[in-house]
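Summary of structural features
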Amino acid sequence: MDYNKLANLLFPQIRKTPEDYEQMYPPRKLPEGAKVTRLGPSPTGFIHLGNLYGAFADERLAHQSGGVFFLRIEDTDDKREVQGAVPMLIQALHHFGVNFDEGATMNGETGDYGPYYQSRRGEIYQCFAKSLVAQGLAYPCFMTEEEIAAVRAEQEAQKKNPGIYGAYAKCRDLSFEEVAERIGSGQEYVIRFRSNGNPENHVTVVDGIRGPLSLPENDQDVVILKKTGIPTYHFAHVVDDHLMRTTHVVRGEEWLSSLPIHVALFQALGWELPTYCHTTVLMKMDGETKRKLSKRKDPELSLEYYKQEGYHPEAVREYLLTILNSNYEEWRIANPEAAAEDFCFSTEKMSNSGTLFDLDKLNDVCKDVLARMSAEEVLLYMLKWAEEYQPGLAALMAEQRDKMLSIFSIDRGGEKPRKDLIYCRQIFRFISYFFDEHFIVEDSYPAEVSMKDAKEILNRYFQSYDAEDDNEAWFAKVRQLAADMGYAQKPKDFKKNPDQYKGHVGHVSNVIRLAITGRTNSPDLWLIQQIMGTEQVKGRIAQAFQDIG
RNA sequence: GGCUCCAUGGUCAAGCGGUCAAGACACCGCCCUUUCACGGCGGUAACUCGGGUUCGAUUCCCGAUGGAGUCACCA
């Protein structure tokens, strides 16, 4: 069999040789130890936390080593492609602080190793496929879907491994004449890799995260070029990552089982294997069991969800980093102010067992991240979010900028800052009582206080309220008011002699708190009143007085 | 089902032959306190199960069990 003749029959239009491409894409000139990583999403218009997780690993690996991080669009499946997905993807990643050095951009691409869209690399794949055919390492296969299904049925009946391999690969040894005839008659075909592997034999691949992996050799004659001439993932990955000079392939653990295919392909093409880093998949509880994050089933885990809720990108990154590298959290505790970039990221410290996504933990991280920010930063962040998702609110906040700053300044910046801000939607709920148009009464009066007393408390408080009082003077008045009405001035007194009092000053001030904020929990009341101003404070008191009836 | 990966508290996880088995989140209690939060102190809670190897296994090996992933002309 003259494989060269076959190669020319199959790919008459391909003139370039593998050597030509080697010259076009020479090894990168980078400092010793620099890592080249890439993100290779398929443009389905959907990315979730798990994708971000991997992207952070890629980004850190490259930028920490003075290497390159690029974006390659893996659009080899036209069925799943979504219009406008690429700009969306880039923007979403950018929002969370993931930026690329080269590859696809908002309106094109940049870099010397392109094209970065697999759909535009057809000739390249075909050239290498041709080369494999010429070496007898790949061949055209004319099997129809029905034939393949029949083979599979037979294999299942005989409890054999499914797939096209060995004797099941019916087109393996077609003569040149037969191939020429079938093509001449318009039969469609794919190009398959001619595997000479034996699953009884194992190969060892050293994974950057998991260490040595022992894998059975691939024996499947996998499709490398679909009937459309478009490559499958396996082939595109091997060709692209070699030509783009990727040093570290970070991808999900779901690829582990097809790694033998990739190893065989790299060998057949005579190329060096990149360092594979198979990350653990991010899991989620689904009823009683854990399960991999899924695009279809978990829309609430999409990046867009976190953006909409107003999760701070830095917090999301911080959280992901804590589960990405097991020593990140301790480093952060020791270096609360340091930039995340200063952390020394390593693949060895990456977890290799399924990690459950933990919203509680994310929220906790958010509190810390926001507590580190200044009032100005918080406001800016809220405004930016509101402009996109709550325009009315944005206008309101911009209008009352000084008030907002005061609100966000409450207990901020000191040794023990409050940590009750989590994400925008929650923050807004948290501070909503400052705005008359968003004020609602959420809680009810403390049980210790009768309605009659509540009314009286509000009445007396209204009369005596003076915004000029400092915190101490103001509270002294509240104490007096409490005492006058038969409530203990100090909670401890009440606890000691509960029979002598109706309640204590805490109950009394909660009546006031409820009138003013609509809830029984709030930051320091005096501060809140200072920010609100006399008019709003008295308005609320009067309103509450009326509401009691 | 075959193959692969994984296995420490509810969750994320340190550990890499000898530890009273870290820490964080969550939870509970106490203190601080006019509420809440913050902070401080304390607490509940774990090495999946069998065999080996070893003076000694959470740690190494084998097996079982469990969980996950994958078996496409999808990535």
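Residues numbered from 1 in each chain as written. Chains lettered and ligands numbered in written order. Predicted model: local features only at pLDDT ≥ 70, side-chain atom pairs only at ≥ 80, totals over all residues. Heavy atoms only, no water.

**Looking at helix 18 (residues 451–464)**
With 14 residues, helix 18 should cover 20 Å at 1.5 Å per step; its first-to-last C-alpha distance of 20 Å lies within 8% of that length. Residues of helix 18 that are buried include every one of Asp453, Ala454, Ile457, Leu458 and Tyr461, and no others. Looking down the long axis of helix 18, one finds its buried residues gathered within 135° of arc, a one-sided arrangement. Exposed side of helix 18, more than 90 degrees from the buried face: Lys452 and Gln463 are the residues found there. Among the structural elements, helix 19 (471–484), helix 21 (505–517), helix 22 (525–532) and helix 23 (534–548) are those in contact with the buried residues of helix 18. (Helix = DSSP H or I, 4+ residues; strand = E, 2+ residues; numbered from the N terminus. Expected span 1.5 Å × (residues − 1). Buried < 20%, exposed > 50% of the residue type's maximum accessible area, 1.4 Å probe, protein only. Arc of directions from axis to C-beta. Contact = heavy atoms within 4.5 Å.)

**Re unusual backbone geometry**
The omega torsion across Gly114 and Pro115 is 0°, close enough to zero to call that bond cis. Within the fold, Pro115 resides in the loop between strand 4 (108–110) and helix 5 (122–134). One non-glycine residue, Lys159, adopts positive backbone phi at about 55°. Its place among the elements puts Lys159 in the loop between helix 6 (145–157) and helix 7 (176–184).

**Things to note about the domain arrangement of chain A**
Here chain A is partitioned into domain 1 (4–12 + 123–279), domain 2 (286–371), domain 3 (375–432) and domain 4 (451–548). A separation of 77 Å is found between the C-alpha centroids of domain 1 and domain 4. (Domains from an automatic or database assignment.)

**Overview of the sheet that holds strand 5 (residues 138–141)**
Reading across the sheet, the 3 strands line up as 5-6-9 and stay open at both edges, with antiparallel pairing between neighbours. Each edge of the open sheet carries a strand with a single partner, namely strand 5 and strand 9 (223–225). Put simply, the sheet's adjacent strands are angled 45° from each other on average, direction ignored. Sheet topology places strand 6 (residues 190–193) next to strand 9; 2 bridges connect them, and they run antiparallel. Bridge pairing in strand 9 links Arg192 to Val223. The strands touched by helix 5 within the sheet are strand 5, strand 6 and strand 9, with strand 9 carrying the most contacts at an inclination of about 125°. (Pairing = 2+ DSSP bridges. Axes fitted to C-alpha atoms, helices over the stretch in contact; angles between N-to-C directions.)

**Here we look at the side chain of Arg251**
In this fold, Arg251 is placed in strand 10 (residues 248–252). Comment: no salt bridge for buried Arg251; closest opposite-charge side chain is Asp241, at 6.6 Å. In terms of polar contacts, Arg251 uses its side chain to reach the side chain of His237, at 3.4 Å. Residues within four places of Arg251 in sequence aside, it is in contact with Tyr233, His237, Leu259, His262, Tyr276, Cys277, His278 and Thr279. (Lys, Arg positive; Asp, Glu negative; His and termini not counted. Salt bridge = Lys/Arg side-chain N within 4 Å of Asp/Glu carboxyl O. Polar contact = N/O pair within 3.5 Å; in protein donor to acceptor, adjacent residues only side chain to side chain.)

**Here we look at the protein's contact with RNA strand B**
If you check the shell around RNA strand B, you find 62 residues, and the closest are Arg152, Arg210, Lys226, Glu329 and Thr355. The share of sugar and phosphate among atoms of RNA strand B within 4 Å of the protein is 71%. With respect to RNA strand B, the side chain of Lys349 contributes an N or O atom lying 3.2 Å from a phosphate oxygen. Ser351 has a polar side-chain atom sitting 2.6 Å from a phosphate oxygen of RNA strand B. Top contributing element to the surface near RNA strand B by residue count: helix 21, with 5 residues. Its residues assigned to classes, the surface near RNA strand B comprises 16 nonpolar, 19 polar and 27 charged. (Near = heavy atom within 4 Å. Nonpolar A, V, L, I, M, F, W, Y, C, P; charged D, E, K, R; others polar.)

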